[in-house]
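# Chain and residue survey
One-letter residues, chain by chain:
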Amino acid sequence: MITSRLAPTPSGQLHLGNALAFGAAWLSARNVGGRVLLRIEDLDRGRARHEIAQRQREELQWLGLDWDAETPAQSTRQYSTEGVPTYRCTCNRKTRLAGACACRDAGLTAGAVRFRCPPGEVCFGDRARGPQVLAPGDDPVLVSADGDPAYPLAVVLDDARDGVTEVVRGADLLDATPAQIRLHEALSLPVPTYLHVPLLLGPDGRKLSKSHGSTELGALRAAGWSPDDVWTTLLPLLGLPAGGLRDARLEPSRVPCGPFVIDANAVVQP
Ligand code: GLU
């Protein structure tokens, strides 16, 4: 059974970039009679809010996206690194990103738990972008020094236990995919297929976020947009004719790489 998932992070309002990824995820399953799951990714206890998650559910429904089941929210689940080759690391993010961390071979017994990712490039097929040969980059942190599980661990364990076969998400996560694949392999878990949809950028060239408030679904609704207005704007960015979601047939190989610049001022007029 093809199973896809909508995986919002409830720390900010959904914007057009989220809608693009969720629309593609929904179509990739529904077009072939597959299942769609909703998974609230609320691991960031400091920023995640129940009210935002509830609003995101409502906005997804408003967009016409439905799901067969909601998985337990990540904040309620257990995550173990058992079976994963790991090491402890006491470096802060800045040191890690500068490549100045020497913890991999230091034999530390405290600190964040990082994945000892096997060296070498990872070859995989992205259903939109074709064959990819990418280095995994820095060893991801799986558990913070405080003991909190981190996204790279949670996404792999959850996709496996939720039976997700298709990961469809924004291209900002393309670079994280090689290490995620290696983690699936380290745990002998099935590796899902991947489809990364184009990133939407603001006119400042940055990924859509809170600072581009008028591309938020709430702002568009308040400005009189209907769900069809959203899909008429977004479906061409997936290589599909403008129109409603129900009639759309996703063709992964036609999804462009992007990115696309979205002018917040221009989009508020449906
Ligand atoms: N929760 C992530 C987000 O909102 C998505 C993670 C994923 O699709 O793997 O960007």
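Shown above is the structure to which this text applies.
Calculation criteria
- Residues numbered from 1 in each chain as written.
- Predicted model: local features only at pLDDT ≥ 70, side-chain atom pairs only at ≥ 80, totals over all residues.
- Heavy atoms only, no water.
- Helix = DSSP H or I, 4+ residues; strand = E, 2+ residues; numbered from the N terminus.
- Rg over C-alpha atoms; globule rule 2.2 N^0.38 Å.
- Buried < 20%, exposed > 50% of the residue type's maximum accessible area, 1.4 Å probe, protein only.
- Expected span 1.5 Å × (residues − 1).
- Contact = heavy atoms within 4.5 Å.
- Near = heavy atom within 4 Å.
- Polar contact = N/O pair within 3.5 Å; in protein donor to acceptor, adjacent residues only side chain to side chain.
- Areas by Shrake-Rupley, 256 points an atom, 1.4 Å probe, with all protein chains shown as cover.
- Nonpolar A, V, L, I, M, F, W, Y, C, P; charged D, E, K, R; others polar.
- Pairing = 2+ DSSP bridges.
- Axes fitted to C-alpha atoms, helices over the stretch in contact; angles between N-to-C directions.
- Right-handed = clockwise from strand over helix to strand, strands pointing away.
- Lys, Arg positive; Asp, Glu negative; His and termini not counted.
- Salt bridge = Lys/Arg side-chain N within 4 Å of Asp/Glu carboxyl O.
- Arc of directions from axis to C-beta.
- Core = buried A, V, L, I, M, F, W, Y, C linked by side-chain atoms within 4.5 Å.

Turning our attention to the overall build of the chain. Each helix and strand counted, the chain has eight helices and 12 strands in total. Relative to its length of 270 residues, the chain is compact, with a C-alpha radius of gyration of 19 Å against a globular reference of 18 Å. Across its three principal directions, the C-alpha atoms of the chain cover 60 × 35 × 35 Å. Here the chain holds 270 residues, and 49% of them are scored as buried.

Right, let's talk about helix H2 (residues 50–62) for a bit. Taking 1.5 Å of rise per residue, 13 residues should cover 18 Å, and H2 covers 18 Å from first to last C-alpha, within 8% of that figure. Within the sequence span of H2, burial applies to Ile 52, Ala 53, Gln 56, Arg 57, Glu 59, Leu 60 and Trp 62. Here the buried face of H2 lies against strand S1 (3–6), helix H1 (16–30), strand S2 (35–38), strand S3 (69–70), helix H6 (217–222) and helix H7 (227–234). Looking at the residues trailing H2, positive phi occurs at Gly 64, about 95°.

A word on the site of the ligand. Around the ligand, the neighbouring residues are Arg 5, Ala 7, Thr 9, Glu 41, Tyr 151, Val 155, Arg 169 and Leu 173. Between the ligand and Glu 41, the relevant distance is 2.5 Å, taken from a nitrogen atom to a side-chain nitrogen or oxygen of the residue. The contact in question runs from an oxygen atom of the ligand to an N or O atom on the side chain of Arg 169, over 2.9 Å. When the ligand is considered free in solution it has 300 Å² of accessible area, and contact with the protein chains removes 80% of it. Here the residues of the shell around the ligand are counted per class, giving four nonpolar, one polar and three charged.

Turning to the pairing of strand S5 (residues 112–115), a few remarks are in order. Every second residue of S5 is oriented toward a common face, with Ala 112 and Arg 114 on one face and Val 113 and Phe 115 on the other, all of them buried. Strand direction decides the pairing type here: S5 and strand S8 (residues 141–143), joined by two bridges, are antiparallel. Paired with Val 113 across the strands is Val 143, a residue of S8.

Turning our eyes to something else, we now look at the sheet that holds S5. The three strands lie next to each other as S4-S5-S8, forming an open sheet whose pairing is antiparallel. Strand pairing shows two members of the sheet lacking a second neighbour, strand S4 (86–89) and S8, which therefore form its edges. Averaged over neighbouring strand pairs, the angle between their axes works out to 45° when direction is ignored. Relative to S5, S4 runs antiparallel, the two being bridged by four bridges. Bridge pairing in S5 places Thr 86 opposite Phe 115.

Attention shifts here to the pairing of strand S9 (residues 166–170). For S9, the tally of buried residues reaches five of five residues, placing the bulk of the element in the interior. Note that S9 and strand S10 (residues 193–197) share five bridges and pair parallel. Residue pairing across strands places Val 167 opposite Tyr 194, the latter belonging to S10. Assessed by its sense of winding, the connection that carries the chain from S9 through helix H5 (residues 177–186) to S10 is right-handed.

Attention shifts here to the side chain of Asp 42. Locating Asp 42 in the fold gives a position in the loop between S2 and H2. At 7.4 Å, Arg 45 is the nearest oppositely charged side chain to Asp 42, a buried residue that forms no salt bridge. In terms of polar contacts, Asp 42 uses its side chain to reach the backbone amide nitrogen of Ser 75, at 2.7 Å. Not counting chain neighbours up to four residues away, the residues in contact with Asp 42 comprise Pro 10, Ala 48, Ala 73, Gln 74 and Ser 75.

Every buried residue of H7 is listed here: Val 230, Trp 231 and Leu 234. Each buried residue of H7 lies within a common arc of 90° when the element is viewed along its axis, so the set occupies one face. Those residues of H7 that are buried are in contact with H1, H2 and strand S11 (200–201).

Leu 6, Leu 16, Leu 65, Leu 234 and Leu 238 are the most contacted members of the largest nonpolar core, which has 43 residues in total. Of all the elements in the fold, those that place two or more residues in this core are H1, S2, H2, S10, H6 and H7. A total of 10 residues in this core trace back to one element, the largest contributor, which is H1. By size, the runner-up hydrophobic cluster in this structure holds 16 residues, among which are Leu 43, Cys 117, Val 155 and Ala 179.

By themselves these figures say nothing about function.
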